[in-house]
There are 2 protein chains.
Amino acid sequence: MSNAYTQLIHALKILPNVGNKTAQRMAHTLLHTNRDGAAQLSQAIENALKQIHNCQLCHDFCEGELCAICANPQRDASRLMIVQMPADIAAMEAARCHDGLYFVLMGQVNPSQEMDLRSIALEQLIARLSGSSVEEIIIATAHTAEGDATAYILAELFKNQHYKISRLARGMPLGSELEYVDAGTLAQAVYDRNLLK
Amino acid sequence: MSNAYTQLIHALKILPNVGNKTAQRMAHTLLHTNRDGAAQLSQAIENALKQIHNCQLCHDFCEGELCAICANPQRDASRLMIVQMPADIAAMEAARCHDGLYFVLMGQVNPSQEMDLRSIALEQLIARLSGSSVEEIIIATAHTAEGDATAYILAELFKNQHYKISRLARGMPLGSELEYVDAGTLAQAVYDRNLLK
């Protein structure tokens, strides 16, 4: 096998969940099926590395100093929603239910790997909050073991501070029938049931 | 979302089995977790596109005109093994059971997609064989629906020619116990059973 090929396989394996087999399939696409797309990909990575940095406020990826949301004076700067990943912001924006600002942790704490706090942007979060006008913090981490652990770390961090802290509700997804909802979710939905009268 | 980010996501989706979700996870790795690796990947793709072409004989990826195997005068030029992908050559070489040459189809014929012959390097194969000293052709396509269809196409192509044609045997994998082998393989192993006396 050629040297440039071996290096390509090696370089592809930095991608998440890409092992030898997948890297070989990818190399086949890049070198055989779609060489134009491959050239565009190489260029897109180079451009993105040059142009994309972290927003100075919310830590999301952006091209300038501030992302569009943080730069928008219409957003309510007193409420900060903390999410794990950039894609979470897009999902939340699509739901049109939060007009405050965001902070992106760019990761999660893994309870099965000694709760390594370096995997989330804690320092940046503390710097973001110091001297800010934030009054309410909404912890919007996932309802998974990692999301729960991350939420726990954040709740501990803010314990003796003046912020109002909340976390996303757990319960039945909208439009779901009982028989298709898993037992854990059902139990949570019963436990957190809302009083109607 | 920034423009360079959108372009990166778009460019990543040319990779096999990469949709929006996976592309976002990959972009996170490239832009956040491993920026050095990302720069190396961009460079590796660029280098590979520049340096890697198809071997003029076997159609495998290589950097010069001929790959190491085709350029090796020790190999038996009268026997040609036809495989689907470059990785198949590596697997076959590791088994040390073929000292002839190879030809890589760089794909397979898909019976569920109208048997499009453009997905395999048929023209290059015909050019490779014309005036060559090949006497025996071993069809080493996979024992899948696609591999079977590809083998069928090849067998049809060579039907009225002088080559001795064979295909890899089907049967029990070595070291496997009967209870763990699927029914189709077992049936084939019985059907193709070898007479011992």
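Residues numbered from 1 in each chain as written. Chains lettered and ligands numbered in written order. Predicted model: local features only at pLDDT ≥ 70, side-chain atom pairs only at ≥ 80, totals over all residues. Heavy atoms only, no water.

Draft legend 1. Here's a closer look at the relation of the copies chain B and chain A. Of the transformation superimposing chain B on chain A, the axial component is 0.0 Å and the angular component is 180°, with the fit at an RMSD of 0.1 Å. The relationship between the two copies is best expressed as a two-fold rotation axis. Looking at the rotation axis and the C-alpha trace of chain B, the residue lying nearest is S42 of chain B, at 2.1 Å. When the interface residues of chain B are mapped onto chain A, 100% of them again lie at the interface, so the same face is used by both copies. (Least-squares fit on C-alpha atoms with pLDDT ≥ 70 in both. Contact = heavy atoms within 4.5 Å.)

Draft legend 2. Main features of the sheet that holds strand β5 (residues 136–139) of chain A. All names here are of chain A. If you walk across this open sheet you meet the 4 strands as β4-β3-β5-β6, and the pairing is parallel. Both edges of this open sheet fall to β4 (100–104) and β6 (164–167), since each of them pairs with a single strand only. Within this sheet the neighbouring strands show an average axis-to-axis angle of 25°, counted without direction. As judged from the 4 bridges shared by β5 and β6, these two strands associate in the parallel manner. Following the sheet pairing, I138 is matched in β6 by S166. Its contacts with the sheet put helix α4 (residues 86–95) on β3 (76–83) and β4, and the angle it makes with β4 is roughly 155°. (Pairing = 2+ DSSP bridges. Helix = DSSP H or I, 4+ residues; strand = E, 2+ residues; numbered from the N terminus. Axes fitted to C-alpha atoms, helices over the stretch in contact; angles between N-to-C directions.)

Draft legend 3. Spatial organisation of the interface of chain B and chain A. With 47 residues of chain B at the interface, the matching set in chain A holds 47 residues. For the chain B and chain A pair, buried surface summed over both sides reaches about 4,300 Å², with 73% attributable to carbon and sulfur atoms. Interface area lost by chain B to chain A is led by I14, L49 and F61 of chain B, which between them contribute 14%. One can count 0 salt bridges joining chain B with chain A. A total of 13 residues in the side of chain B that touches chain A trace back to one element, the largest contributor, which is helix α3 (residues 35–51) of chain B. The residue makeup of the side of chain B that touches chain A, split by class, is 27 nonpolar, 15 polar and 5 charged. (Buried area = accessible area lost by both parts, 1.4 Å probe. Salt bridge = Lys/Arg side-chain N within 4 Å of Asp/Glu carboxyl O. Nonpolar A, V, L, I, M, F, W, Y, C, P; charged D, E, K, R; others polar.)

Draft legend 4. Looking closely at helix α2 (residues 20–33) of chain B. Helix length check: α2 of chain B, at 14 residues, gives a terminal C-alpha distance of 19 Å against a target of 20 Å (1.5 Å per residue), a fit within 8%. When α2 of chain B is considered as a whole, its buried residues turn out to be A23, M26, A27, H28, T29, L30 and L31 of chain B. (Expected span 1.5 Å × (residues − 1). Buried < 20%, exposed > 50% of the residue type's maximum accessible area, 1.4 Å probe, protein only.)

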